[in-house]
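Observations on chain architecture
Next come the chains, spelled out residue by residue.
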Amino acid sequence: MKTNIQDYLKNSIDGSRLKARVLVNRAVRSLSGGAVCLNDLADTFNLCAGLDELEELIDELKNSAPLSEVLEVAQGIAEQLLEEEGFPV
């Protein structure tokens, strides 16, 4: 699974912002058991700030950022968004 994600992140077709949204959406769906996706949640400051951070990490992935760090940040953003919406995490 990590290989597929790593390949996707190295893909030059999609921009880093879209890749960040895809990773956070994946984490939201996983944490919610598929009940909600990123589009179902409010577009908050925390989401924007989290996506900014994740976007930078994705850009750095080509140079030095480990994939595990990128996935941990995406997971953390998803947890925070779900908590804001009242979902148990």
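Up top you'll find the structure we're talking about.
Here we summarise the structure given alongside this text. (Residues numbered from 1 in each chain as written. Predicted model: local features only at pLDDT ≥ 70, side-chain atom pairs only at ≥ 80, totals over all residues. Heavy atoms only, no water.)

Among the surface-exposed residues, E53, E56, D59, E60, E69 and E72 lie close enough to one another that they form a single negatively charged patch. When contributions to the negative patch are tallied by element, the ones reaching two or more residues are α3 (45–61) and α4 (67–84). Here the element with the most residues in the negative patch is α3; it accounts for four residues. Locating E56 in the fold gives a position in helix α3. (Patch = residues over 30% accessible without salt bridge, like charges linked within 9 Å, V, L, I, M, F, W, Y side chains within 5 Å. Areas by Shrake-Rupley, 256 points an atom, 1.4 Å probe, with all protein chains shown as cover. Salt bridge = Lys/Arg side-chain N within 4 Å of Asp/Glu carboxyl O. Lys, Arg positive; Asp, Glu negative; His and termini not counted. Charge placed at Lys NZ, Arg CZ, Asp CG, Glu CD. Helix = DSSP H or I, 4+ residues; strand = E, 2+ residues; numbered from the N terminus.)

With 26 residues, the main nonpolar core has L9, L23, V24, L54 and V70 as its most contacted residues. Every element with two or more residues in this core is listed here: α1 (2–10), α2 (16–31), α3 and α4. No other element matches the nine residues that α4 contributes to this core. Other than its neighbours up to four places away in sequence, L23 contacts I5, L9, L54, I58, V70, L71 and A74. (Core = buried A, V, L, I, M, F, W, Y, C linked by side-chain atoms within 4.5 Å. Buried < 20%, exposed > 50% of the residue type's maximum accessible area, 1.4 Å probe, protein only. Contact = heavy atoms within 4.5 Å.)

Next up on the list: the pattern of salt bridges. The full count for this structure, using the stated rule, is two salt bridges. One salt bridge connects D52 with R17, and the closest N-O pair in it is separated by 2.4 Å. A residue pair is termed long-range when its members are at least 10 positions apart, and D52 in helix α3 and R17 in helix α2 qualify at 35 residues. Its relative accessible area of 37% is what places D52 among the partly exposed residues. R17 gets classed as partly exposed once you look at its relative accessible area, which sits at 28%.

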